[in-house]
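# Coordinate analysis (summary)
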Amino acid sequence: MSTEPPLSPRSLSPTPRSTLHRLRERGRTDAADLDAVLDAGLICHLGVVVDGAPLVLPTGYGRIGETLYLHGSSANRSLLAAAGHEVCATVTLLDGLVCARSIFNHSMNYRSAVIIGPARLVTGEPERLGALRAVTEQLAPGQWEYARQPTRKELAGTAVLALPLAEASVKVRSGPPHDEPADCESGAWAGVIPAALTFGPPQPDPALSPAIPVPGHIAALARRAYKVEG
Ligand SMILES: Cc1cc2nc3c(=O)[nH]c(=O)nc-3n(C[C@H](O)[C@H](O)[C@H](O)COP(=O)(O)OP(=O)(O)OC[C@H]3O[C@@H](n4cnc5c(N)ncnc54)[C@H](O)[C@@H]3O)c2cc1C
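This text gives an overview of the structure that appears in the document. (Residues numbered from 1 in each chain as written. Predicted model: local features only at pLDDT ≥ 70, side-chain atom pairs only at ≥ 80, totals over all residues. Heavy atoms only, no water.)

### A few points about the site of the ligand
Applied cut-off: Near is defined per residue: the residue qualifies when any heavy atom it owns lies within 4 Å of the molecule or strand. N or O atoms closer than or at 3.5 Å make up a polar contact, with two conditions inside protein: a donor-capable atom paired with an acceptor-capable one, and, for residues adjacent in sequence, both atoms drawn from side chains. We get accessible surface area from the Shrake-Rupley algorithm with a probe of 1.4 Å; when it comes to residues, only the shown protein chains can shield them. Secondary structure counts use DSSP, requiring at least four H or I residues in a row for a helix and at least two E residues in a row for a strand, with both numbered from the N terminus.
Lining the immediate environment of the ligand, one finds 13 residues, of which Arg17, His21, Ser112, Ser169 and Lys171 sit closest. Arg17 has a polar backbone atom sitting 2.6 Å from an oxygen atom of the ligand. The side chain of Lys171 places a nitrogen or oxygen atom 2.7 Å from an oxygen atom of the ligand. Computed on the free molecule, the ligand has an accessible area of 860 Å², of which 58% lies beneath the protein chains in the complex. When contributions to the shell around the ligand are tallied by element, the ones reaching two or more residues are strand E7 (107-118) and strand E10 (168-173).

Below, the structure is given as structure tokens:
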């Protein structure tokens, strides 16, 4: 019987564009690491060329399997410019501020993903609905079933973009600062200030009847912890 660990079902296969050049040891090659970063994040930055100039805009997203979905108004310029073209999307999770003894060695702890590939405007209704569900559930799990479903008019006013996760990279920094040995004798404080995204107690819409309780999935959202610094 083989004692080899089982192969990961998916691994990131670096292309010339998705190969880390600097600090390669911070790269991850398991697709599960990519999925984990995407599933833990809330905001992606979409980089696209609009009218000949680069534009990078923050937006929400959702993941289904090996596809990242973005949505927006059907008049959204960057989504329309992206459709049918190569784009780049990034997701960044900040895990800590790294304060070193030297200015040069200050850094951040993070998990980040970069995805490069052809963006596709999604036109089929089942895929569009699945994508909108994924984007909604990424933002607030449970809301797709809880809130009113989109109307035909709302759907007509919404563009959905798909980006394959086939060409992607993941980079992770963790741990203390890397100071020069000579600086370690300086007597200056150095270390990491952990960072995590947290949410407060739900604040009801002022128009809400006081008789309507906070649903369980919303209460759970307020307790959601995004990162515990290791
Ligand atoms: C929160 C945060 C703060 C950072 N601050 C700095 C900073 O102040 N100065 C600095 O130089 N760098 C910083 N970085 C690292 C930065 O993202 C780049 O990795 C680094 O600058 C190397 O750039 P490069 O052009 O040489 O990349 P290369 O290694 O040449 O990039 C080649 C390919 O590697 C992949 N790649 C590169 N960087 C990343 C990444 N972060 N995540 C996933 N894939 C990646 C991409 O696919 C890219 O196309 C920071 C990263 C994060 C997440």
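### What to know about a nonpolar patch on the surface
Note the threshold: Residues enter a patch when their relative accessible area is above 30% and they make no salt bridge; the linking distance is 9 Å between like charges and 5 Å between nonpolar side chains (Val, Leu, Ile, Met, Phe, Trp, Tyr). Take a side-chain nitrogen of Lys or Arg and a carboxyl oxygen of Asp or Glu: if they are within 4 Å of each other, that pair is a salt bridge. For each residue, the accessible area found with a 1.4 Å probe, counting protein chains only, is set against the maximum for its type, and the residue is called buried under 20%, exposed over 50%, and partly exposed in between.
Together, Leu94, Leu97, Met108, Trp189 and Ile193 give the surface a local cluster of nonpolar side chains, amounting to about 500 Å² of exposed area. Looking at the secondary structure, you find Ile193 in strand E11 (residues 191-194). Ile193 gets classed as partly exposed once you look at its relative accessible area, which sits at 38%.

### Re the sheet that holds strand E4 (residues 62-64)
The criterion, for reference: Criterion used throughout: strands pair if DSSP finds at least two bridges between them. Here, residues are in contact when the closest pair of their heavy atoms is within 4.5 Å. Only the stretch in contact is used when a helix axis is fitted, and all axes are lines through C-alpha atoms; the angle between N-to-C directions ranges over 0 to 180 degrees.
The 4 strands are arranged E4-E5-E9-E8 in an open sheet whose pairing can be described as antiparallel. Each of the sheet's edge strands pairs with one partner strand only, and the pair in question is E4 and strand E8 (120-121). In terms of strand pairing, E4 meets strand E5 (residues 67-73) through 3 bridges, oriented antiparallel. Note that in E5 the partner of Gly62 across the bridge is Tyr69. Those strands touched by helix H3 (residues 125-139) are E4, E5, E8 and strand E9 (158-164), and its axis lies near 125° from that of E4.

### Looking at the layout of surface pockets
Convention followed: The definitions used throughout rest on a 1 Å grid laid over the protein atoms alone, on which a cavity is an enclosed set of points accommodating a 1.4 Å probe that cannot get out and a pocket is an open set flanked by protein within 12 Å on both sides along at least five of seven lines; lining residues are those having an atom within 4 Å of a point. Grid points are joined across faces, edges and corners, and a volume is the space filled by probe spheres set on the points. Three residue categories are used. Nonpolar comprises Ala, Val, Leu, Ile, Met, Phe, Trp, Tyr, Cys and Pro, charged comprises Asp, Glu, Lys and Arg, and polar comprises the others, including Gly.
In this structure, the largest pocket occupies an estimated 430 Å³ of space. Taken together, 20 residues make up the lining of the largest pocket; nearest its centre are Pro202, Gln203, Val214, Pro215 and Ile218. Contributions of two or more residues to the lining of the largest pocket are made by helix H4 (143-146) and helix H6 (216-222). Among the residues making up the lining of the largest pocket, the classes are represented as 15 nonpolar, 3 polar and 2 charged.

### Some details on the pairing of E7
In this sheet, E7 lies alongside strand E6 (residues 86-99) in antiparallel orientation, the contact comprising 12 bridges. Note on E7: the bridge partner recorded for Leu93 is Arg111. Note that E7 and E10 share 6 bridges and pair antiparallel. When the sheet's bridge partners are listed, Ala113 is paired in E10 with Val170.

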